[in-house]
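Letter by letter, the chains look like this.
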Amino acid sequence: MSDPPRYWTPAFVERFVEALNSDGEFQDTAGSFSKTVELRCLDTPDDEDVSATYAFEDGAVVDVDLWIDDAPSDEMRDEPVDDAIMARATAPYDVWVQMDKGEMGATEAIASPDYQIDGSMMQVMSNMGVFRGMMSVAASVEKTY
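Read on for an overview of the structure. In this text the structure is predicted, and so the values were computed from the model without any measurement.

### A short note on the packing of aromatic side chains
In total, this model carries ten aromatic pairs according to the counting rule given. Each ring, one from W8 and one from W96, has its centre 5.3 Å from the other, and the planes form 55°; the classification is tilted. Taken together, the positions of W8 in the segment before α1 (10-22) and W96 in helix α4 (residues 93-100) put the pair 88 residues apart, joining distant regions of the chain. The pair W8 / W96 is uniform in exposure class, with both members buried. Relative to Y54, the ring of F16 lies with its centre 5.6 Å away and its plane at 85°, an arrangement referred to as edge-to-face. Here the residue F16 occupies a position in helix α1, and Y54 occupies one in strand β2 (residues 48-57), the gap between them amounting to 38 residues.

### Some points on the side chain of S51
Checked against the element boundaries, S51 lands in strand β2. A distance of 2.7 Å separates the side chain of S51 from the side chain of E38, its partner in a polar contact. In this structure, S51 is in contact with E38, L39, R40, D65, L66, W67 and M76, ignoring residues within four places of it in sequence.

### Overview of the pattern of salt bridges
Summed over all chains, the structure comprises five salt bridges. Among the ionic pairs, D118 bridges to R88, the shortest N-O distance being 3.5 Å. Here D118, found in strand β5 (residues 116-119), pairs with R88, found in strand β4 (residues 87-92); they are 30 residues apart in sequence, far enough to count as distant. By the burial criterion, D118 is buried, and R88 matches it.

What counts as what
- Residues numbered from 1 in each chain as written.
- Predicted model: local features only at pLDDT ≥ 70, side-chain atom pairs only at ≥ 80, totals over all residues.
- Heavy atoms only, no water.
- Phe/Tyr/Trp six-rings, centres within 6.5 Å; stacked < 30°, edge-to-face > 60°.
- Helix = DSSP H or I, 4+ residues; strand = E, 2+ residues; numbered from the N terminus.
- Buried < 20%, exposed > 50% of the residue type's maximum accessible area, 1.4 Å probe, protein only.
- Polar contact = N/O pair within 3.5 Å; in protein donor to acceptor, adjacent residues only side chain to side chain.
- Contact = heavy atoms within 4.5 Å.
- Salt bridge = Lys/Arg side-chain N within 4 Å of Asp/Glu carboxyl O.

Take a look at the structure:
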């Protein structure tokens with residue numbers, strides 16, 4: 001197998017999607033989840049802002065839209081949430097790394113001023129199992145930081 005990709009690179013996103021779609025436990029948790037979720041990472045080690053929008057149908061990722069721009073990307077950071085997106089989570093790279101390493105849980109992240117979630121908080125809370133599952137699968141993907 002090739003070298004593990006660095007977190008939040010296109011190669012990592014590709015492996016993450018493969019892992020989500022092949023992880024039985026995640027598939028059981030996600031069930032009929034058919035929503036679109038946007039995750040945004042600011043200030044990666046490549047001095048980029050990255051937005052990854054995952055479209056789910058029946059618990060499987062059927063489309064990913066990746067947007068990478070030089071940081072700080074005013075266009076990305078000021079973009080309003082698209083109506084088609086159930087939830088959008090935005091955090092700096094170091095916060096995503098802390099969550100990925102298990103140093104910060106979902107509840108701590110939501111309470112952190114560095115982590116911003118947009119969208120229906122009711123829908124986010126009712127689908128917390130899916131978000132925790134996504135975090136767990138992401139953490140299991142071999143990567144570098």
